[in-house]
Amino acid sequence: MQTTISGKAYVLGDNVDTDQIIPAQYLTFNPSVAEEYKMFGKYALSSVPPAQSGLPKGHVPFHTKDEFVSDYTIIIGGKNFGCGSSREHAPIALDAAGIQCVIAEFYARIFFRNSVNGGYIVPFETGDRLCEQICTGDELTIDTASGKLQNLTTGETWQLKPLGEVAPIIDAGGIFSYAKKVGMLKA
Amino acid sequence: MSAMTMTEKILARHANKAEVSPGDNIWVDTDILMTHDVCGPGTIGVFKHHFGKDAKVWDREKVVIIPDHYIFTTDKLANRNVDVLRQFVKEQNLPHFYDVGTPDYKGVCHIALPEEGHTRPGEILFGTDSHTCTAGAFGEFATGIGNTDAGFIMGTGKLWLKVPPTMRFVFHGELPPYLMAKDLILAVIGDIGCDGATYKAMEFDGDGVFALNIEERMTLCNMVIEAGGKNGVIAPDKLTLDYVNSRNKHKKSFEVVTTDPGAKFCFEKVYDVRKLEPVIAKPHSPDNKATVSEVKGTKLDRAYIGSCTGGKLTDFRAAARILNGRSVKIDTFVVPATSEIAAGLKTESIAGKTLEQIFLNAGAKIGEPSCAACLGGPSDTFGRLNTPISCISTTNRNFPGRMGHKEAKVYLASPLTVAASALTGMIADPRDCMQ
């Protein structure tokens, strides 16, 4: 994991489910094929209702200049981020769109596992209701070791929760690299 | 040794440990790994990428492949994905594949698994689909995973898990004829919220649960994921064992595991089912609960009866009881979950008419067994909501866009309530039209 994650925030609300992150009609792309992996970036967050897209105002498109990759690199969510289906295409879509981490109050279990075990994005947790304190477009920076989050636009700072027991898997880059590191799989 | 819940006991046995406690991180052995056409190609990609192009799965008897999501579509990529599964099955010489266009084709994986004898008490089932939790109805630990986890299991047979604390839901009393398991689970989800069981096991207990048939118990466990649950589980009884033994074609041995007396639950809620009312989940969340009487008269454009949640024979019997001899007022789609259930529509009858005749005479359209419009899918999917209409459905999820159009409104209800509503084109209470 890089020591600093910086970029523009895209803010969403509570219960952003996997159908909103990547609608089922696009699950026909195979993420194991590089050209198709890209397509998940194009359709990432395409089923979020417009009023909830890019809070607090809403109606902010996730993609601006590039149709595959977003200008935003950090997603701020509320409670139960990634609920719904087990589709790994959800964290893949965020990764393909250039998202590096999500900061939410807590995650649905399978989305969290997929993010960590697949090594796509870092799922940070926060004790603060950041989706009501950070605005879409704010410039953020996170020191990943200390968990210090800074809003460069407003000067505010927060302390994120420690990654805890999944930190070694995230550090290794996913479950396969982790299993090799601890000797469960041949390196 | 301290008392354990059945979820803890199953996990401990599969980790070769005498005991485990909630919060422990353990590596467990897999009894069955299931994948389908939507997540199978990605899983196979992960497996080959990490274990090599010529690698073999850890145990070919334990891998079950069930294409079910995007089957009856002209979408080229969807059809290509089934070809990816075919190629893999051939390469690996896998015995449990239910291919499209052959007599082996089944339909929705969560119903096909028990029908084909792949669910047994005390086992661990992982599937690349969130509704894999359905199989907890057979007294096993069953949960949904992603492609990476499934690819890891394909190569090793193992996965790390955090042992969940168990919540207990006790149902007392005999279910009135106007209620179904769907009402019970929608009531639970409404009470605890769609994150109320996040990272937790949900165990169902009480005489009200054991009075339910196997399909209804599957409906209860099926929707635990809608409360964020890791797994749902019901202790096996004679009904479970009779079902499992009659389907256990390969005579695999299994061990019944039940909760120890004195085991700790992190939460307990008791329901008297006789006091419950028909329940509905309003758009756009499965926990947006209302009683049917509160929303009666809400205008609808479509009714949908199908999916792993509401497309079983019990569901169709219930709907047919209401629709028999009547006509629907709105487009009504009937989608049997599996080919076995589709065959049942032609053989099961009420007052001399088959269920199929009842549905067709009422003006409903019957589709081929598959997941169909439950999760939207390609635009030519049977029953898909391609415009922002209102639909009442026996399916499991109603987040924005779930059944197609992101501004469509989906109301989740029991097959009785959906059938009653189809007759009037408005949300209707089954108590007003039971025959």
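The structure displayed is predicted, hence computed values, not measured ones.

(A) Broad picture of the packing of aromatic side chains. As enumerated under the stated definition, the model contains 23 aromatic pairs over all chains in all. Ring geometry for A:Phe176 versus B:Phe51: centroids 5.7 Å apart, planes at 70 degrees, classification edge-to-face. Of this pair, A:Phe176 sits in helix H6 (residues 175-181) while B:Phe51 is found in helix H2 (residues 40-51), placing the two residues in two different chains. On the basis of relative accessibility, which here comes to 4%, the residue A:Phe176 falls in the buried class. Note on B:Phe51: relative accessible area 24%, which makes it partly exposed.

(B) Region of the structure containing the interface of chain B and chain A. The interface is formed by 52 residues belonging to chain B together with 48 residues belonging to chain A. Across the chain B/chain A interface, buried area totals approximately 4,000 Å², and carbon plus sulfur atoms make up 57% of it. For the pair chain B and chain A, the interface holds four salt bridges. Here chain B is connected to chain A by 26 residue pairs in polar contact (both at pLDDT 80 or more). Those elements that provide at least two residues to the side of chain B that touches chain A are strand E1 (25-29), H2, helix H3 (76-92), strand E6 (141-144), helix H5 (147-156) and strand E7 (158-162) of chain B. Tallied by class, the residues present in the side of chain B that touches chain A amount to 21 nonpolar, 18 polar and 13 charged.

(C) Summary view of the sheet that holds strand E1 (residues 4-11) of chain A. All names here are of chain A. Taken in spatial order, the seven strands of this open sheet run E4-E3-E2-E1-E5-E6-E7, and their pairing is mixed. Looking at the sheet topology across the chains shown, the edges are occupied by strand E4 (122-125) and strand E7 (157-159). Sheet twist, expressed as the average angle between the axes of neighbouring strands with direction ignored, equals 30 degrees. Where E1 and strand E5 (residues 139-143) come together, five bridges link them in antiparallel fashion.

(D) Structural detail: the state of the cysteines. Residue and element names in this part refer to chain B. On inspection of all chains with the given rule, the structure shows zero disulfides over all chains. This cysteine, Cys374, is not joined by any disulfide, and Cys308 carries the nearest cysteine sulfur, 6.0 Å off. Judged by its relative accessible area of 5%, Cys374 falls in the buried class.

(E) A look at the environment of B:Asp183. All names here are of chain B. Position of Asp183 among the secondary structure elements: in helix H6 (residues 181-192). Once the C-alpha coordinates of Asp183 and Val233 are considered, the two residues, 50 residues apart in sequence, prove to be 18 Å apart. Residues in contact with Asp183, not counting those within four places in the same chain, are Tyr178, Glu277, Pro278, Val279 and Ser414. In this structure the side chain of Asp183 is engaged in a polar contact, spanning 2.8 Å, whose partner is the backbone nitrogen of Met180.

(F) Unusual backbone geometry, seen in detail. With an omega dihedral of 5 degrees, the bond running from A:Leu55 to A:Pro56 counts as a cis peptide bond. With an omega dihedral of -5 degrees, the bond running from B:Pro283 to B:His284 counts as a cis peptide bond. If you trace the backbone, B:His284 turns up in the loop between strand E12 (279-281) and strand E13 (289-291). A positive phi angle, close to 50 degrees, is found at A:Asn15, a residue other than glycine. With respect to the helices and strands, the residue A:Asn15 is situated in the loop between E1 and helix H1 (18-21). The backbone of B:Asn16 sits at a positive phi, close to 55 degrees, despite the residue not being glycine. Relative to the assigned elements, B:Asn16 resides in the loop between helix H1 (6-14) and E1. Judged by relative accessible area, which is 69%, B:Asn16 ranks as exposed.

(G) Representation of the environment of A:Ala96. Residue and element names in this part refer to chain A. Following the sequence through the fold, Ala96 ends up in helix H3 (residues 89-96). For the pair Ala96 and Asn114, spaced 18 residues apart in sequence, the C-alpha separation works out to 14 Å. Other than its neighbours up to four places away in sequence, Ala96 contacts Tyr37, Phe40, Gly41, Phe68 and Val69.

(H) Inspection of the confidence of the model for chain B at higher detail. The predicted model of chain B has a mean per-residue pLDDT of 97, with 100% of residues at 70 or higher. For this predicted complex, the interface confidence comes out at an ipTM of 0.97, alongside a pTM of 0.98.

(I) Structural context of the domain arrangement of chain B. All names here are of chain B. Domain parsing of chain B yields domain 1 (6-250 + 264-270) and domain 2 (280-432). Computed over C-alpha atoms, the centres of domain 1 and domain 2 are 24 Å apart. The partner domain 2 presents 41 residues to the 41 residues of domain 1 that form the contact. Contact between domain 1 and domain 2 buries roughly 3,300 Å² in total, counting both sides, with carbon and sulfur atoms accounting for 59%. The largest per-residue losses of area from domain 1 upon contact with domain 2 belong to Met180, Lys182 and Glu215, which jointly make up 17% of the total buried on that side. The tally of links from domain 1 across to domain 2 stands at four salt bridges. Across the pair Asp191 and Lys289 runs a salt bridge, and its minimum N-O distance is 2.8 Å. Our count for the domain 1 to domain 2 interface comes out at 22 residue pairs in polar contact (both at pLDDT 80 or more). Going through the elements one at a time, helix H4 (109-115), H6 and helix H8 (214-222) are the ones with two or more residues in the side of domain 1 that touches domain 2. Broken down by element, the side of domain 1 that touches domain 2 gets its largest block of residues, seven residues, from H6. Looking at the side of domain 1 that touches domain 2 residue by residue, the classes come out as 18 nonpolar, twelve polar and eleven charged.

The rules we used
Residues numbered from 1 in each chain as written. Chains lettered and ligands numbered in written order. Predicted model: local features only at pLDDT ≥ 70, side-chain atom pairs only at ≥ 80, totals over all residues. Heavy atoms only, no water. Phe/Tyr/Trp six-rings, centres within 6.5 Å; stacked < 30°, edge-to-face > 60°. Helix = DSSP H or I, 4+ residues; strand = E, 2+ residues; numbered from the N terminus. Buried < 20%, exposed > 50% of the residue type's maximum accessible area, 1.4 Å probe, protein only. Contact = heavy atoms within 4.5 Å. Buried area = accessible area lost by both parts, 1.4 Å probe. Salt bridge = Lys/Arg side-chain N within 4 Å of Asp/Glu carboxyl O. Polar contact = N/O pair within 3.5 Å; in protein donor to acceptor, adjacent residues only side chain to side chain. Nonpolar A, V, L, I, M, F, W, Y, C, P; charged D, E, K, R; others polar. Pairing = 2+ DSSP bridges. Axes fitted to C-alpha atoms, helices over the stretch in contact; angles between N-to-C directions. Disulfide = S-S within 2.5 Å. pLDDT = per-residue confidence, 0-100. Domains from an automatic or database assignment.

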